[in-house]
Amino acid sequence: MRRSTLALLACVCVFAAAVAFIVLRNNPPALEGLPAGQEPASPETLQSEPVSSTSVPSPATQHEVAASTTSGGENHGAIPVAPLKFPNWPTPALALVATGEQLGYFEPCGCTGNQLGGMSRRASLFEKIRALGWEVRGIDVGSVSRRTGTQAKLKFDTTLAAFRELKYVGLALGPEELKLEPAYLLSQHLTDGDDPLKFLSANLMFFGSKDIGTPVSSMVFEVNGVRVGVSSVMSDTIRKSVIPDMTPEEAANAEVQWTDPAEALTSVMKEFDDAGATVRILLAQTTLEESKKLAEDYPNLTLIVRANGFGEGTDKPEMVGRVQLLEVGKKGKAAGVIGLYPDDTENPVRFELVPLSGDLFQDSERMTRLMQSYQDRLRSEAVARTDGTIPHPSG
């Protein structure tokens with residue numbers, strides 16, 4: 001009898017242990033300070049995330065946080081959406097919208113809700129500025145596309161159509177543009193009409209000749225008596241990402257030829273002098289340190305809009321002497337609004353980095369139609385068969 005009882009108790013214990021193992025495996029206990037089911041950060045993750053005790057989110061980040069925690073028009077404890085500043089400025093002689101490094105994001109990728117950016121909201125920003133009675137033009141620091149092939153060219157073509165409709169006047173050629181090949185860029189560079197969109201680079205040349213007209217070294221346009229000169233350069237550091245080092249013989253026969261930015265800018269500044277340009281803007285495909293050096297070497301520049309900066313852009317320009325260095329971020333999340341006041345000796349240039357949030361800007365029907373046209377062309381031109389499948393972008 002005693003032996004049977006002990007055997008029964010042993011069976012009960014084994015069964016209870018098995019049940020406990022199954023329960024714990026499917027519902028692990030929460031670690032202290034972590035919700036149940038959440039894994040602790042790995043050592044690699046902890047090491048890869050910088051820690052700052054004084055981290056302050058940029059305006060774009062603040063808007064993105066606010067948007068991601070807001071539903072039904074209500075703000076549930078999120079950072080408030082900051083009101084726009086530029087509508088309270090005095091009327092400028094000319095407003096500029098500066099953008100860059102769109103990297104193929106004509107609209108947000110849609111992988112999460114309430115994202116910043118998109119050409120549709122950018123168009124609404126232009127409409128808001130024009131509703132104030134201001135003259136406005138656009139300039140872009142380049143890197144519009146992200147890939148190569150038929151689909152990238154169709155998206156680039158669609159973006160150019162949007163730029164022209166919004167009255168962009170200058171597009172700097174960055175490394176992504178060069179990957180689309182010079183012959184294609186030549187076919188897309190349309191210079192007819194008033195203030196056409198011009199492809200800019202002072203130190204890049206296609207097919208060994210500046211006479212073909214693409215890219216142009218600089219441009220000067222006039223609005224309300226203000227003459228604005230715009231140019232662009234690509235530094236040696238950025239050049240190496242797309243144009244390999246060559247022997248002099250190889251360079252002479254290359255489709256794209258690069259020269260030293262300093263030499264090219266010396267000629268551009270003379271062009272600005274001859275044209276009477278009082279506002280001088282450089283679209284810089286450079287590193288941050290290289291853009292500072294250019295500001296030091298060319299103190300008669302007014303603004304440098306630089307690529308390859310921080311992802312969100314910066315709301316406060318960096319000053320190098322009297323030259324303002326601006327960053328407008330990546331992926332089209334934000335746009336820089338610039339007000340020009342030539343008669344204001346104390347504050348001739350004003351700047352605001354504007355996050356393109358759905359709380360601030362509605363979708364534009366014109367841009368929606370352009371996007372629909374792009375999608376129709378993708379279907380009709382069977383891009384998947386010519387380019388193959390493309391994995392989802394990582395960022």
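Residues numbered from 1 in each chain as written. Predicted model: local features only at pLDDT ≥ 70, side-chain atom pairs only at ≥ 80, totals over all residues. Heavy atoms only, no water.

**Observations concerning the sheet that holds strand S3 (residues 94-99)**
One open sheet holds the 6 strands; their spatial order is S6-S5-S4-S3-S15-S16, and the pairing between them is mixed. Edge strands, defined here as strands with exactly one partner in the open sheet, are strand S6 (198-200) and strand S16 (349-355). For this sheet the average axis-to-axis angle between neighbouring strands, irrespective of direction, equals 20 degrees. The sheet contact formed by S3 and strand S15 (residues 334-340) spans 5 bridges and is antiparallel. Within the sheet, the bridge partner assigned to alanine 98 lies in S15 and is glycine 336. Across the sheet, helix H4 (residues 119-131) is in contact with S3, strand S4 (136-140), strand S5 (168-172), S15 and S16; its angle to S4 comes to roughly 150 degrees. Together, S4, S5 and S6 form the strand contacts of helix H5 (residues 150-166), whose direction differs from that of S5 by roughly 140 degrees. (Pairing = 2+ DSSP bridges. Helix = DSSP H or I, 4+ residues; strand = E, 2+ residues; numbered from the N terminus. Axes fitted to C-alpha atoms, helices over the stretch in contact; angles between N-to-C directions. Contact = heavy atoms within 4.5 Å.)

**Looking at the pairing of S4**
Counting buried positions along S4 yields 5 of 5 residues, so the element is predominantly enclosed. Because side chains alternate across S4, one face comprises the buried residues Val136, Gly138 and Asp140, and the other comprises Arg137 and Ile139, equally buried. Sheet topology note: the S4/S5 ladder contains 3 bridges and is parallel. For glycine 138, the partnering residue across the bridge sits in S5 and is tyrosine 168. Traced from S4 through H5 to S5, the parallel crossover comes out right-handed. (Buried < 20%, exposed > 50% of the residue type's maximum accessible area, 1.4 Å probe, protein only. Right-handed = clockwise from strand over helix to strand, strands pointing away.)

Function-wise, these values are silent; they only describe arrangement.
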